[in-house]
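# Close look at the chain arrangement
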Amino acid sequence: MPLPEWELAAKQAACTSCGASNEARVFPAAFEPRTAVQPQPALEGDAACFDHPDKCAVAACQQCGRFVCRLCEVESGGGVWCPSCVAGRAGAAAGGNPENSRILFDSIALITPLIILLMWPLTAIAGPGAVALSIVKWKAPLSLVRRSRWRFVAAIVIGLAETGGWIWGIAYLLLLVRAKAR
Amino acid sequence: MRKGPHYRKLPGHRRGFLRGSSMWLGPDYLLAVHSLRFREEYKRYYFRDIQAIVTAEAPRFHISTRFAAIAALLLIAWPFVLAAPARPGISSAGMLGGMAAVVVLAWFLVSGFFSCRCRIYTAVSCDDLPSVYRTWTARKFLLTVEPLIQQAQGSLEASWVRAVGEWNIGPRETSEAPAPAFDSPLAARASFPMIGSAALIASLFADAIWNTITLHSNERWTQVTNGLLTLVEAGAAIVVIAHHFRARPGQGKDHRSKASKAMQRLAIATLTVMAGFYYLSPFAYAWIAGVQASAGGPPVEVTLPIDPYLHQIDAVLAAVLGLVGLAIIWYHREDDSGIIYPSS
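Turning to the environment of A:Val68, a few remarks are in order. All names here are of chain A. Examined against the element boundaries, Val 68 turns out to sit in strand β4 (residues 67-68). The class of Val 68 is buried, set by 25 C-beta atoms lying within 10 Å. In sequence terms Val 68 and Val 58 are ten residues apart; their C-alpha atoms lie 6.2 Å from each other.

Further remarks concern the environment of B:Leu215. Residues and elements named next belong to chain B. Secondary-structure assignment places Leu 215 in the loop between α5 (194-213) and α6 (220-245). Judged by the 13 C-beta atoms lying within 10 Å of it, Leu 215 is partly exposed. A C-alpha to C-alpha distance of 5.6 Å links Leu 215 and Pro 308, two positions 93 residues apart in sequence. With residues up to four places along the chain from it excluded, the contact list for Leu 215 reads Pro 308, His 311 and Gln 312.

Turning next to helix α3 (residues 105-115) of chain A. Residues spaced three or four apart along an α-helix face the same direction, because each turn holds 3.6 residues. Listing the buried residues of α3(A) in full gives A:Phe105, A:Asp106, A:Ser107, A:Ala109, A:Leu110, A:Thr112 and A:Pro113. Looking at the buried residues of α3(A), the elements they touch are β7 (101-103), α4 (123-136) and α5 (150-181) of chain A.

Attention now moves to the sheet that holds strand β1 (residues 8-15) of chain B. Taken in spatial order, the five strands of this open sheet run β7(A)-β4(B)-β3(B)-β2(B)-β1(B), and their pairing is antiparallel. The strands lining the two open edges of the sheet, one partner per strand, are β7 of chain A together with β1 of chain B. With direction set aside, neighbouring strand axes in the sheet form an average angle of 20°. Where β7(A) meets strand β4 (residues 39-46) of chain B, three bridges bridge the pair, whose relative direction is antiparallel.

All names here are of chain A. Orientation of α4 relative to α5, taken along the N-to-C sense of each, is 145°, at an axis distance of 8 Å. In this structure, α4 crosses over α5, and the sense of that crossing is left-handed. Mapping the contact onto sequence places Thr 123, Ala 124, Ala 126, Gly 127, Pro 128, Ala 130, Val 131 and Ser 134 in α4 and Phe 152, Ala 155, Ile 156, Ile 158, Gly 159, Leu 160, Glu 162, Thr 163 and Trp 166 in α5. For the contact of α4 with α5, the per-class residue count stands at eleven nonpolar, five polar and one charged.

With that settled, consider the nonpolar core. Formed by 32 residues in total, the largest nonpolar core has its most connected members in B:Met23, B:Leu31, B:Ile50 and B:Ala52. Those elements that provide at least two residues to this core are β2 (21-26) of chain A together with β2 (20-25), β3 (29-35), β5 (52-57), β6 (116-121) and α3 (135-153) of chain B. The element that contributes the greatest number of residues to this core is β3(B), accounting for five residues. Of all hydrophobic cores here, the second largest spans 17 residues; its members include B:Ala237, B:Ile241, B:Ala259 and B:Met263.

To continue, consider the pairing of β2(B). Residue and element names in this part refer to chain B. Pairing between β1 and β2: five bridges, direction antiparallel. By the bridge assignment for β2, Arg 8 is matched with Leu 25. Once β1 ends, the chain turns through four residues before running back antiparallel as β2. Once β2 ends, the chain turns through three residues before running back antiparallel as β3.

Residues and elements named next belong to chain A. Across the interface, α3 lies against α5 with an axial gap of 8 Å and an inter-helix angle of 30°. When the axis of α3 is compared with that of α5, the two are roughly parallel. Every pair of crossing elements has a handedness; the one defined by α3 and α5 is left-handed. In contact with Asp 106, Ser 107, Ala 109, Leu 110, Pro 113 and Leu 114 of α3, α5 contributes Arg 151, Phe 152, Ala 154, Ala 155, Ile 158, Gly 159 and Glu 162. Across the contact of α3 with α5, the residue classes tally to eight nonpolar, two polar and three charged.

Thresholds, definitions, all that
- Residues numbered from 1 in each chain as written.
- Chains lettered and ligands numbered in written order.
- Predicted model: local features only at pLDDT ≥ 70, side-chain atom pairs only at ≥ 80, totals over all residues.
- Helix = DSSP H or I, 4+ residues; strand = E, 2+ residues; numbered from the N terminus.
- Buried ≥ 20, exposed ≤ 12 C-beta atoms within 10 Å, placed from the backbone.
- Contact = placed C-beta atoms within 7 Å.
- Pairing = 2+ DSSP bridges.
- Axes fitted to C-alpha atoms, helices over the stretch in contact; angles between N-to-C directions.
- Left-handed = near helix turned anticlockwise from the far one by under 90°.
- Nonpolar A, V, L, I, M, F, W, Y, C, P; charged D, E, K, R; others polar.
- Core = buried A, V, L, I, M, F, W, Y, C linked by C-beta atoms within 7 Å.
- Parallel < 35°, antiparallel > 145°, perpendicular 65-115°, else oblique.

As structure tokens, then:
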């Protein structure tokens, strides 16, 4: 999508249609030539790409050793990898395929026992569940940008409180029933 | 032991009830984090690839969790103010109302006049940065990021503006014509839950009117009618949501009309408000009863002046939601494919 020229003429410009103020910061990457990668056809005796046998290989994957053409080579962290190793995050090729998402087990463990208070009878399951999840997933990777495990700690405290509440309630009822029976 | 790079938080954070968004500074890239409560999605913009960052003034009426917290605090203070003994010359309820009005007015002003949309361009993508939605945040964000990008790419020559006509910024436009959003006008019409939407909007207005008429009535039949109206609202909302998610064979998400998406959000909002009332009403009753009992010293007959207020709030919310529904139909009466929806 091309940027309208008026936005680029100055760092700040008003829209000619609605008058809204716009700020555009343009960087040299915008003017780099775009050239499509064209793998060379493989001649007889040339090493050929594993996935494209008619294309000339330019490198070997540093994880599995397969030959790759210009189209298939994935350069990352100073190495060259094949698409299969990058997609499978195999060994050092994982660096070419950084994580795009993570499940936040600490948030699940913390929020579930709190939300479930709205349907309090289910806390009999959610409380111990939160404690178990926190312990099982204690070492699971957290958010890429959040390092603290306080949510797990809070989840354990809340889960134990809910479980303790149930144990106390059941014990109290049993004592009550026993006292009445006497 | 820390694994992976260390990230530094950049200005701006969009905090929603279900979704959040923030920007972080990596070793040689910007990391956009989209939080979906139990899951985070990441997107990296390497400094060497960023072509442009554009911020455009635009109204952004986002209800953040902070704003919701302030509203909740005012709501919690409300029963205390109602139960407090009246003092001559000072109207506590008026003061609280004034504070609420100031908060709402400030939110409207900031959302309408000091908000923006920030977009980042690379050769293959053009993405909104949801966390940068206030003008002062955008300014701070650019001040932090611009030198780093210039450090990675260098700066442009003074004559670069003249070259602009020869270059396209952002992902290359394909020469192929975009696929039509709908197979046929009939398909477009079918993607809009007309009956469900009409039932939802009608029931919302009926609820608003009924609550206003029966503001001081506690008779059984008015409560039954109220319950029936609530059931109709819930049913219509569920029909709208189900219609939105029931993709036609061979059609993907993109084929759902914008009007259908907007109606789906309205239906979710309606269900959320209903659930809120269902759960919060007993709490409110208990709260005000407790406050009254404690204020009265010895056991007193607990009167609950809260009922008409709840009816009023219910009526106002239903009317607002109904008006939003009408606005959606009016705004999307001509969708992308040029189909005209009936405006009533």
